Amino acid sequence: MDGFLLSGNIMHASGALYGWSSRGSGAVVNADHWEVSDNLLQADNAIHAQFLYSRSYTNFTGTHLAMLGNEIIADGSTYGWVLRGSGASSTIGPTVMLVNNLIVAGNEVSNTNTSANLYGGLYLYGSSMILNNADFVDNNLSSYSTAYTPWFYLSTSTNLTVRNVNAVDNHFVATTAGRADFFYSSSSSATADLDYLNLSDNTGGSDVLYLSGTWTPAITTYEVDPSYTDLSGDVWDWDLQLSGGSLLDAGDPNILDANGSRSDMGAYGGPEGTTW
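From a predicted model like this one, the values you see are computed outputs, not experimental measurements.

> I'm lost on the side chain of Asn 202 in this one. Help?
One can find Asn 202 in the loop between strand S21 (191-200) and strand S22 (207-210). At 2.8 Å, the side chain of Asn 202 forms a polar contact with the backbone oxygen of Ala 167. If sequence neighbours within four positions are ignored, Asn 202 has contacts with Ala 167, Val 168, Asp 169, Asn 170 and Asp 181.

> What is the right way to look at the sheet that holds strand S14 (residues 140-143) in this model?
Within a beta sheet, neighbouring strands are joined by backbone hydrogen bonds and run either parallel or antiparallel to one another. Spatially, 6 strands are ordered S2-S5-S8-S11-S14-S18 in an open sheet, and the strand pairing comes out parallel. Pairing within the sheet leaves two strands with one partner each, and these edge strands are strand S2 (10-13) and strand S18 (171-174). Going from strand to strand, the sheet's axes swing by 5 degrees on average, the running direction of each strand aside.

> Please explain the nonpolar core as it appears in this structure.
Here is a general trend for soluble globular proteins: nonpolar side chains tend to be buried in one another's company. Of all hydrophobic cores here, the largest spans 48 residues; its most connected members are Trp 81, Leu 131, Phe 136, Phe 152 and Phe 182. Judged by nonpolar contacts, the second largest core, of 16 residues, contains Ala 105, Val 137, Val 168 and Val 235.

> For this particular structure, what's the right way to read the packing of aromatic side chains?
Each aromatic ring pair is specified by the distance between its two centres and by the angle formed by the two planes. Taken as a whole and assessed by the stated rule, the structure comprises 16 aromatic pairs. Geometrically, the ring pair formed by Tyr 184 and Tyr 210 is stacked, given 4.5 Å between the ring centres and 10 degrees between the ring planes. Of this pair, Tyr 184 sits in strand S20 (residues 180-185) while Tyr 210 sits in strand S22; the two residues are 26 residues apart in sequence, bridging distant segments of the chain. Overall, Tyr 184 belongs to the buried group, its relative accessible area being 8%. Grouping aromatic residues by their ring pairs yields a cluster made of Tyr 79, Tyr 119, Tyr 123, Tyr 148, Tyr 153, Tyr 184 and Tyr 210.

> Even after reading the chapter, I still don't get a negative patch on the surface, so can you show me in this structure?
A surface patch of like charges, here negative, comprises Asp 38, Asp 230, Asp 234 and Asp 237. Inspection of the secondary structure assignment puts Asp 230 in strand S25 (residues 228-230). Under the relative-accessibility criterion, Asp 230 is labelled partly exposed at 31%.

> Whenever I open this one, the environment of Val 109 confuses me. Can you help?
Mapped onto the elements, Val 109 comes out in strand S11 (residues 108-111). Judged by relative accessible area, Val 109 falls into the buried class, the value being 3%. Spatially, the C-alpha atom of Val 109 lies 4.7 Å from that of Ile 72, the residues being 37 residues apart in sequence. Once residues within four sequence positions are removed from consideration, Val 109 is found in contact with Ile 72, Trp 81, Leu 118, Asn 140, Leu 141 and Ser 142.

Rules used throughout
Residues numbered from 1 in each chain as written. Predicted model: local features only at pLDDT ≥ 70, side-chain atom pairs only at ≥ 80, totals over all residues. Heavy atoms only, no water. Helix = DSSP H or I, 4+ residues; strand = E, 2+ residues; numbered from the N terminus. Polar contact = N/O pair within 3.5 Å; in protein donor to acceptor, adjacent residues only side chain to side chain. Contact = heavy atoms within 4.5 Å. Pairing = 2+ DSSP bridges. Axes fitted to C-alpha atoms, helices over the stretch in contact; angles between N-to-C directions. Core = buried A, V, L, I, M, F, W, Y, C linked by side-chain atoms within 4.5 Å. Buried < 20%, exposed > 50% of the residue type's maximum accessible area, 1.4 Å probe, protein only. Phe/Tyr/Trp six-rings, centres within 6.5 Å; stacked < 30°, edge-to-face > 60°. Patch = residues over 30% accessible without salt bridge, like charges linked within 9 Å, V, L, I, M, F, W, Y side chains within 5 Å. Areas by Shrake-Rupley, 256 points an atom, 1.4 Å probe, with all protein chains shown as cover. Salt bridge = Lys/Arg side-chain N within 4 Å of Asp/Glu carboxyl O. Lys, Arg positive; Asp, Glu negative; His and termini not counted. Charge placed at Lys NZ, Arg CZ, Asp CG, Glu CD.

Next up, the structure:
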């Protein structure tokens with residue numbers, strides 16, 4: 001599906017709320033130029049992803065995905081308030097997610113129940129994800145119990161590979177405990193390969209990364225202002241292209257921009273970065 005916009009909606013679920021679901025043996029979902037912006041989602045129980053809940057032997061490919069200026073309120077736990085990949089069992093890889101050029105900016109997420117936890121923006125269980133070129137900017141989260149991480153949470157039997165991500169000016173508050181600003185792994189059967197990360201001005205976690213399982217240490221990391229072109233006005237009017245600075249041509253050299261040069265960091269880098 002290409003060119004999908006969901007904006008300005010209000011949804012209140014009396015039970016649990018699930019994002020757009022893709023499930024079923026052998027299902028294939030391709031998404032290009034999806035924007036979810038300025039929506040209010042409220043659930044009297046748990047929330048399982050606002051953007052997409054990919055489940056049960058599904059292959060999902062997403063390019064040019066933007067989640068901007070939404071408010072999400074759960075009276076239960078939240079499991080991947082952006083994306084959730086969930087396998088039919090704990091076997092590695094029944095759900096495979098390939099995501100390129102992702103923007104998550106200006107969102108507000110809260111849990112209102114004292115026993116509810118925040119389990120990350122991208123939640124994986126029994127599944128695999130490859131994410132290249134993303135910007136996570138100015139998101140604010142709060143939990144009345146434990147907030148494990150705003151971003152990547154790995155559960156049983158998961159594989160994660162991440163490249164060329166800017167996570168800048170994101171903040172979370174947890175009444176019980178705040179675990180990690182970027183990445184949390186709870187399972188010894190999880191594997192993670194994270195590299196070419198710019199993690200700057202994020203707060204809330206006792207650690208940046210909390211690791212369990214097999215971990216490939218990041219070789220190249222930055223902690224700089226990305227020099228975005230324009231952050232004025234409403235978040236959906238922001239221009240997150242890099243106007244200059246040290247993150248141009250600073251991404252993974254195995255990923256090239258459309259002009260054949262070394263990839264830039266962030267959502268406007270990589271081979272599809274110029275076609276927003």
